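Residues per chain are reported as follows:
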Amino acid sequence: MLELTDLCYTYPDGTEALRHIDLRIAEGEKVALVGPNGAGKSTLLLHLNGVLRCRSGAITVAGHPIADETIRQVRAQVGMVFQDPDDQLFSPTVFDDVAFGPLHMGLDEQDVRGRVLRALDQVGMSGFERRMPHHMSLGQRKRVAIATVLSMSPGVLALDEPSAGLDPRARRGLIDLLRSLPQAMVVSTHDMRMVAEVFPRTVVLAQGQVAFDGPSEAILGDGELLERYGLERP
Amino acid sequence: MTLSTSTLDRYIDGQSPIHGLDARVKLLLALAYILAMALLPPGAWTGIAVSAALLWWVVLRSEVGLRTIITRAFVALPFALVAVTLVFTRPGAPILRIPLGPWVLTATDVGLTAFVSIVLKSWLSVQAALLLTATTHFTDVLYALRALHLPNVLVAILSFAYRYLFVMIDEGQRMLRARECRSAELPGRRGGGSIRWRAGVVGQMVGTLFLRSYERSERIYVAMLSRGFSGELRTISPRALSSVEQGLLLVGGATMAGIVLVSYFV
Amino acid sequence: MNLIDLAHRMALAMHIPDGFLSVPVALAWWVLTIIMIGIAVRQIGDSLNERQIPLMGVMAAFIFAAQMLNFPVLGGTSGHLLGGALAALLLGPWAGILVMSCVVALQALLFQDGGLLALGANIFNMGISTAALGYFVGMPLLRLFGGKRWGLVAAGFVTAWLSVMVAASLTSIELVISGLSAAVVFPAMLFVHMFIGIGEGLITVAALAFVVSTRPDLAVTLAGYLSPEALRRPVDRGSMIGVTGVGLLLAAGAALLSPLASASPDGLERVAEDKGFLDRALGPVFNLLPDYTIPGMDGPISTILAGIIGLLIVFALVYGVSLLLRGRGEGRTMGQQSGSRSGD
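It should be emphasised that the depicted structure is a prediction, and the values quoted were computed from it without experimental measurement.

**Notes on unusual backbone geometry**
Leave glycine aside and you will find that most residues have negative phi; peptide bonds, for their part, are mostly trans. Phi at A:Q207 is positive, roughly 50°, even though this residue is not glycine. Taking relative accessible area as the criterion, A:Q207 reaches 62% and is therefore assigned exposed. Positive phi, close to 70°, is recorded for B:H149, a residue that is not glycine. Within the fold, B:H149 resides in the loop between helix 9 (138-147) and helix 10 (152-182). Owing to a relative accessible area of 72%, B:H149 belongs among the exposed residues under this scheme.

Pasting the structure below:
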């Protein structure tokens, strides 16, 4: 589904953010991306849908390499959800926001409406179409943020710290939602208890490199490994 | 929910037929009403009374509360003071002399008529606009503006502005609160610094807010790109107005035109 | 009272409600406003960088929120920002015009700050003229002062103060043409706004200095003319003097008129709270009236003519001063200046 080969990225100011990343993610596979702040998690996510273009190496999404000609299909295929829902939800109403992706994919209006209703239903936010984001709780906004990409029927979801800042009940709801979605996922997070519940596979990123890639159980049970990468025991 | 949300949103929730009316119809009718108020000649008391009765009947049907609308409409009252002078400057038959030390102010009938007319007409116009705001989600007003062919760029800017108004005001309020928490005064000393210093503090807050806003707009742009934005804004096209709605527009417009015409010629 | 209400009450002073402008005046200013916005949309469209759409929207929200940040001045009044000059100096003239127009429109549509029929005039006064002045007077001034630190401060302050005065003058002119008494409107509006303008100037300068010293790159990319190259470019003499002159004399003429008001209201809301004010204030105003009309003419026309004569005098002064200053201060750049600023 998603294939990263020898991906490197250097910021314009010369900082090396990603170094020789190799990653393969199968259809429907749920992967947690963990590691300290500044390890390159967000930078990596921004590469998955081509917002950042790699300086060297290659990314293919569903068999298509990311290039100028394929960028629009890639963005429909990889649904990117940012950490702050106030950045993700930029329209005045929930409906407009969930419809933004499908409309810009060039779908006809009937289809768009159907997709909006389905996506909101999937995240349990039916009936919120006409609501405004500033009238909603953080948990509700996070759910709608996920709906804004589900309406584009992506094959992969890339989520940046989805559980950050949520109260226990909203966090529980989010975990159940992530478990119920059939898509492949790459989720950056510090929430190791969520990792244990949702993600069979974990990738640890440290200083721009893949430091560990394997079954979540292996790392979650290994106190020394957790300690080394500054992670919390669940 | 934040403080600003409740203070800023003037929409009053309800299920009335006025709430259910299409925003385009409401916007156009409110404009027609305000235009008619502006066109009414001074001293057209019957015209003003009929218009007021008409508006208040609609307000009652909207169930937002006549009292709310009327009291909120006093917002424009300070401005009426600019017009008070009409009473003493318009030539006409003197009705009252106010001696003021060495000077005498002379109120005239023409002046008084002009002043009272302006205040009443302005007050009713504000009520019409308030009724529109109280019964219409601002997002629907935005749809109406788009449907009425306001350029897309402007509607887009207004939409973003409305969406982020609340986010920005929350940030601004957090800054003000932080300033208040640190504005201590020692006993026996005057705190607060000079006006220039205080203005400088506000200026820095403004600058900080600007940079945060700029950074947010960058993140929003990336979020838009991620969902397929490529420079052209697409929206769902508006539905056509039904014949009932068109009829309502026609009747409302004709009524206001009638009130104005009758006031001039009767 | 909460802060938002207070800020709005302050801002009300210049938002004309419906009912005060005559229909021809309101429509004429709608036409002007539509033309100006049309030009701005086209200018932005020509240089279209799609990044600017969310940017302008968020900036309109920013100005709105920034207007809320106020500081106590005197006797219960507070200083706050209108923002037109700042918007133009940070974003350039056309984006500044669009952003400010949207701010004024939102105030009318959301809060009934200013009427709908009067919206054309209000957008023109507070959105278009302030932003246009911010750029077309601010830029020549910045160049004139050669991008030195005091130049940024001086240009920012003068521009911001002028923008408030021009907005107040335009508001007064519209009200007077609509039939209100010039003898009261001009002195009251201009006198009050002379002080409001000082707050505007101080905040604008502080905000500008903060942005230029924290993110010098932004000041260059957003409003292109703050770049070192643009500042080094010699000033086109005709346009500089013409444009600066027009801006300065508009507001300076307004300032000339305002001392005629011996009444000294602190702000229109003070007036509202203190209804006894009019009784005290009107006498002296009427006493002064004959002094600033032109003999043999009456009413608003004579007042405006008197104003224009005042403006011409100021124009001559400004022209002379600009000629004197022109030779100096070229060659320093904003880049160097901002570099030295970041150290303090």
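**Brief notes about the interface of chain B and chain C**
With 78 residues of chain B in contact, the opposing surface of chain C contributes 73 residues. At the boundary of chain B with chain C, total buried surface from both sides reaches about 7,400 Å², with 83% on carbon and sulfur atoms. In this assembly, chain B and chain C are joined by one salt bridge. Notably, a salt bridge pairs B:E215 with C:R215, separated by 3.5 Å at the nearest N-O pair.

**Some words on the interface of chain A and chain B**
Counting from both sides, the interface comprises 37 residues of chain A and, opposite them, 33 residues of chain B. Summing both sides of the interface, chain A and chain B together bury roughly 3,000 Å²; the carbon and sulfur share of this comes to 56%. Here chain A is connected to chain B by six salt bridges. For the salt bridge of A:D86 with B:R163, the shortest nitrogen-to-oxygen distance reads 2.9 Å. On inspection of chain A and its partner chain B, the count reaches 17 residue pairs in polar contact (both at pLDDT 80 or more). Sorting the residues of the side of chain A that touches chain B by element identifies helix 2 (71-77), helix 3 (85-88), helix 4 (94-104), helix 5 (109-122) and helix 6 (138-150) of chain A as the ones contributing at least two each. Of the residues forming the side of chain A that touches chain B, the biggest block, seven residues, is contributed by helix 4 of chain A. For the side of chain A that touches chain B, the class distribution of residues is 17 nonpolar, ten polar and ten charged.

**Remarks on the side chain of B:S217**
Following the sequence through the fold, B:S217 ends up in helix 11 (residues 195-226). Judged by its relative accessible area of 3%, B:S217 falls in the buried class. Each residue touching B:S217, except ones within four places of it in the same chain, is listed here: C:P54, C:L55 and C:V58.

**Points about the packing of helix 5 (residues 93-111) of chain C against helix 6 (residues 119-136) of chain C**
All names here are of chain C. Interaxial distance between helix 5 and helix 6 falls to 8 Å at its minimum, and their mutual angle equals 150°. Accordingly, the angle class assigned to the pair helix 5 and helix 6 is roughly antiparallel. The element helix 5 and its partner helix 6 pack so that their crossing is right-handed. Of the residues in helix 6, those touching helix 5 at P93, G96, I97, M100, S101, V104, A105 and A108 are L119, N122, I123, M126, G127, I128, A131, A132, Y135 and F136. Counted by class, the contact of helix 5 with helix 6 contains 14 nonpolar, four polar and no charged residues.

Conventions we followed
Residue numbers run consecutively from 1 along every chain, following the written order of its sequence. In the order they appear in the text, chains get letters beginning with A and ligands get numbers beginning with 1. The predicted origin of the model limits local features to residues at a pLDDT of at least 70 and limits the giving and counting of side-chain atom pairs to 80 or more, whereas totals for whole chains, interfaces and linings rest on all residues. Hydrogens are left out, water is left out, and the side-chain values use all remaining heavy atoms of the structure. Think of it in three bands: residues with accessible area under 20% of the maximum for their type are buried, residues over 50% are exposed, and the middle band is partly exposed, with areas taken using a 1.4 Å probe on protein chains only. Helix and strand assignments come from DSSP, with helices taken as H or I runs of at least 4 residues and strands as E runs of at least 2, each series counted from the N terminus. Here a residue-residue contact requires only that any non-hydrogen atoms of the pair lie within 4.5 Å. Buried area counts how much accessible surface, traced with a 1.4 Å probe, disappears from two parts once they are put together, with both parts' losses summed. A carboxyl oxygen of Asp or Glu within 4 Å of a side-chain nitrogen of Lys or Arg is what we treat as a salt bridge. We define a polar contact as two N or O atoms separated by no more than 3.5 Å, with the added condition that, inside protein, one atom must be a possible hydrogen donor and the other a possible acceptor, whereas residues neighbouring each other in sequence contribute only through side-chain atom pairs. Each residue gets one label: Ala, Val, Leu, Ile, Met, Phe, Trp, Tyr, Cys and Pro are nonpolar, Asp, Glu, Lys and Arg are charged, and the others, such as Gly, are polar. Structural elements are reduced to axes, namely lines fitted to C-alpha atoms, with helices fitted over the stretch in contact, and the angle between N-to-C directions of any two is expressed from 0 to 180 degrees. Geometric relationships in this document are graded by angle, where less than 35 degrees denotes roughly parallel, more than 145 denotes roughly antiparallel, 65 to 115 denotes roughly perpendicular, and other angles denote oblique. Helix crossings fall into two classes, left-handed where the near helix is turned counterclockwise from the far one by less than a right angle and right-handed where it is turned clockwise.

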